[in-house]
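Summary of structural features
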Amino acid sequence: MTDRQNEQLSALLDAHFESESQCSESIENLVRNEDAQSSWFHYQLIGAVMRNEAKVGTRLDISAAVAAQVAREPAMIAPRKNMLAAFRAQQWLKPAANVAVAASVALVTVFGVMQYQRIDDGSAVEGAVERNGHQSVLQTIPMGGTLNPVSFTVPPARSINNDDSAANQERALQRAQLQAYMLDHELRLQWGVQQATEATSAEGSTEANESEQPKQLEEPPQ
Amino acid sequence: MKVSSQNNWKSLRSSILRQALLLTCLVFFGTAAAQETAQERNDRERSENIDPRVVAEGELWFQRMHQALTQLNYTASFVTVTNHSVQTYRWMQSHTPAGSRVELIETLNGPLNQSIRLNNQVVYVRPMSRPYSTRANALVSPIPAALYQHFSKIDESYQAISLAGERVVDRNAVRLRLMSRERNRYFYSLWVDRETGMLLGVQTHTAEGGFVEQVMLTSFQPHSVPLQEALVIENEWQHVPPTQELEQAEPRSQWQFSNLPSGFELQRSQHIQVAMNGPPADHFLFSDGMVNFSVYISEGAERSTPMQYQGELSFITVEQADFTVTVVGRIPLQLSEQIANSVSRKP
């Protein structure tokens with residue numbers, strides 16, 4: 001060990017450095033250099049004896065044992081996810097033949113429920129989500145979009161008193177309404193925009209429909 | 001002498017005040033004029049005066065992306081960021097040896113939301129419902145379905161411009177700006193891999209540049225051979241629940257939309273019961289090729305409460321004389337409001 005390394009070790013013991021880089025250099029040296037490790041152990045032992053902390057017969061240097069143990073451990077590899085777990089395949093194995101879509105729609109929790117959390121102060125929606133046994137996802141900003149009643153008879157959402165059950169009920173109803181429509185919109189989209197056109201383009205119930213051109217499905221099997 | 005000097009001072013002061021006022025006015029109108037010019041310039045740049053080569057290149061990159069999304073075999077993961085949430089997804093697409101196309105998108109955090117597509121059939125696995133399947137050639141997911149389509153499906157309403165390259169997911173990407181020809185809807189930035197044409201990211205923003213939503217791939221692995229997972233899904237497909245058909249009820253009343261934003265066309269109209277025990281309503285689905293919005297018109301006792309909400313989706317319920325109109329879609333709230341107010345009974 002050079003004098004410089006000894007100096008570094010001494011500085012490390014006293015936690016006395018002139019710069020960050022000096023500190024990391026010292027630690028690096030201690031980790032890499034066996035001599036330094038040995039000196040470190042002995043300095044610590046001297047310190048402990050001087051402070052009357054060392055006990056005769058106590059094995060103070062456990063680093064070698066730890067290193068050996070680590071070497072014996074098998075390498076940790078993140079468990080690779082089964083591509084399509086069997087249990088997940090079973091989810092659609094359930095007989096679903098006589099389930100009308102309306103029924104399943106009613107049970108569906110809001111698709112992408114995370115998108116609709118934090119309505120207003122978010123507490124009710126989040127609460128509802130958690131009650132259903134769901135975790136909420138990471139929230140980046142505590143406040144999201146705002147829900148503004150258009151009607152003037154409803155006081156601003158922020159100032160609603162928690163004791164005011166009528167106002168709370170009103171808010172709950174608004175949230176339910178918002179969720180219902182947003183879910184419904186997502187569900188309608190799940191039937192495909194292009195394909196649906198074929199089925200209903202003949203209808204003439206709106207003016208906009210007059211310019212409607214049926215669009216063809218575009219998915220040639222490759 | 002004293003009096004006259006005072007008078008002079010008064011007149012001087014009032015003239016300074018007048019000048020200051022005039023100057024303020026000038027500055028005010030000048031600024032307004034400057035703003036107008038900036039906006040005009042923006043509009044101009046957006047329309048014809050963009051370098052045609054940039055537009056042609058943009059369309060070419062869009063086409064490459066369309067090909068990659070319909071032909072590549074890959075596994076990827078991505079993150080969606082909105083103003084109030086972050087979610088992570090796994091994304092896989094592959095052909096099978098039999099020639100089918102399989103796509104899977106699932107959430108990685110929270111309850112499992114899984115969407116799997118085999119050619120023109122999609123199965124949705126949601127935590128609170130039984131799996132169900134629909135007939136559609138695209139999944140409903142954070143990746144806009146329009147990006148899988150040929151550019152001609154959206155070129156009436158949007159323009160693609162290629163911009164400088166950027167490094168995304170440690171890959172060399174080209175950035176496309178997908179600009180609406182109208183300022184009243186969202187704009188998009190797309191990142192496309194130069195090597196494979198794969199979509200590496202989508203950012204949705206307002207015409208003024210305000211952030212709405214971002215989808216960014218965090219890993220992407222193309223595969224030269226069909227994925228084993230796709231084959232497993234294809235083999236399991238016989239157990240998929242039968243496809244649910246849409247209700248075919250006609251709207252109960254005749255409605256007209258007097259102020260529909262240009263480029264949007266009606267895709268479908270039905271009489272429906274809104275999900276989660278919502279009211280019965282006449283439903284109209286409109287699309288400009290890129291985004292969709294729904295218009296729900298409910299009459300009778302079960303009416304909706306007037307309210308509005310702006311997130312990635314905007315939502316508005318407006319009360320009319322004897323019916324309420326609700327508009328939901330991935331469009332700015334202002335546009336939703338314009339649409340909602342444009343509905344009237346057909347005379």
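Everything discussed here concerns the structure shown above.
We now turn to the structure provided with this report. (Residues numbered from 1 in each chain as written. Chains lettered and ligands numbered in written order. Predicted model: local features only at pLDDT ≥ 70, side-chain atom pairs only at ≥ 80, totals over all residues.)

Quick word on the overall build of chain B
Across its full length, chain B holds 4 helices and 19 strands. Residue burial in chain B is summarised as follows: out of 347 residues, 44% are buried. A separation threshold of at least 6 residues defines the contact pool for chain B, and within that pool the share at least 24 residues apart is 49%. (Helix = DSSP H or I, 4+ residues; strand = E, 2+ residues; numbered from the N terminus. Buried ≥ 20, exposed ≤ 12 C-beta atoms within 10 Å, placed from the backbone. Contact = placed C-beta atoms within 7 Å.)

Observations concerning the overall build of chain A
Scanning chain A from N- to C-terminus turns up 10 helices and 1 strand. Mapped in sequence order, the helices and strands of chain A form the string α-α-α-α-α-α-α-α-β-α-α. The buried share of chain A, reckoned over its 222 residues, is 27%. For chain A, the share of sequence-separated contacts (at least 6 apart) that also reach a separation of at least 24 residues comes to 43%.

Some words on the environment of Q87 of chain B
By the element assignment, Q87 of chain B lies in strand 2 (residues 86–95). Distance in space between the C-alpha atoms of Q87 of chain B and N109 of chain B is 6.8 Å, their sequence separation being 22 residues.

Topic: the pairing of strand 13 (residues 265–273) of chain B
Residues and elements named next belong to chain B. Judged by how many residues are buried, strand 13 sits mostly within the fold: 7 of 9 residues are covered. Note: strand 13 against strand 14 (residues 280–287), 8 bridges, orientation antiparallel. By the bridge assignment, L266 is partnered in strand 14 with F286. The turn joining strand 13 and strand 14, which pair antiparallel and follow one another in sequence, is formed by 6 residues; a positive phi near 55 degrees is taken by M276. (Pairing = 2+ DSSP bridges.)

Side note on the environment of E166 of chain B
All names here are of chain B. Position of E166 among the secondary structure elements: in strand 7 (residues 158–168). Expressed as a C-alpha distance, the spacing of E166 and R194, which sit 28 residues apart in the sequence, is 10.0 Å. In contact with E166, not counting residues within four places along its chain, are A173, R175 and W191.

Some points on the environment of Q93 of chain B
All names here are of chain B. Looking at where Q93 falls in the secondary structure, it is placed in strand 2. Taking C-alpha positions, Q93 is 4.3 Å from E103, a pair spaced 10 residues apart along the chain. Apart from the residues within four sequence positions on either side, Q93 is in contact with L72, N73, Y74, V102 and E103.

A look at the sheet that holds strand 10 (residues 199–205) of chain B
Residue and element names in this part refer to chain B. With antiparallel pairing, 11 strands are arranged side by side in an open sheet as 6-5-4-3-2-1-11-10-9-8-7. Two strands close off the open sheet at either side, each with one partner strand: strand 6 (132–135) and strand 7. Neighbour-to-neighbour, the strand axes of this sheet turn through a mean angle of 15 degrees, independent of strand direction. Bridge analysis of strand 1 (residues 73–82) against strand 2 gives 8 bridges, and the strand direction is antiparallel. When the bridges of strand 2 are listed, T75 appears paired with M92. Where helix 2 (residues 52–71) meets the sheet, it contacts strand 7, strand 8 (171–180), strand 9 (187–193) and strand 10, and its direction lies at approximately 75 degrees from that of strand 7. Each of strand 2, strand 3 (101–107) and strand 4 (114–118) is contacted by helix 3 (residues 228–236), which is oriented at about 100 degrees to strand 3, the strand it contacts most. (Axes fitted to C-alpha atoms, helices over the stretch in contact; angles between N-to-C directions.)

Concerning unusual backbone geometry
Residues and elements named next belong to chain B. One non-glycine residue, V169, lies in positive phi territory at about 50 degrees. Its place among the elements puts V169 in the loop between strand 7 and strand 8. Residues other than glycine seldom take positive phi values, yet M276 does so here, at roughly 55 degrees. The topology assignment puts M276 in the loop between strand 13 and strand 14. On the neighbour-count criterion, M276 (19 C-beta atoms within 10 Å) is partly exposed.

Quick notes on the nonpolar core
Grouped together as the largest cluster of nonpolar side chains are 94 residues, with contacts concentrated most on L176, L190, V192 and V295 of chain B. If you tally residues by element for this core, the top one is helix 9 (residues 165–190) of chain A, at 7 residues. With residues up to four places along the chain from it excluded, the contact list for V192 of chain B reads W61, R64, M65, A173, V174, L176, G197, L199 and L200 of chain B. (Core = buried A, V, L, I, M, F, W, Y, C linked by C-beta atoms within 7 Å.)

What about the packing of helix 1 (residues 3–14) of chain A against helix 3 (residues 34–50) of chain A?
Residues and elements named next belong to chain A. The contact between helix 1 and helix 3 brings their axes to 11 Å, and the two run at 45 degrees. Classed by the angle they form, the pair helix 1 and helix 3 counts as oblique. Remark: the crossing between helix 1 and helix 3 carries right-handed chirality. Contacts from Q5, L9 and L13 in helix 1 reach A36, S39, W40 and Y43 in helix 3. When grouped by side-chain class, the residues that make up the contact of helix 1 with helix 3 number 5 nonpolar, 2 polar and no charged. (Parallel < 35°, antiparallel > 145°, perpendicular 65-115°, else oblique. Left-handed = near helix turned anticlockwise from the far one by under 90°. Nonpolar A, V, L, I, M, F, W, Y, C, P; charged D, E, K, R; others polar.)

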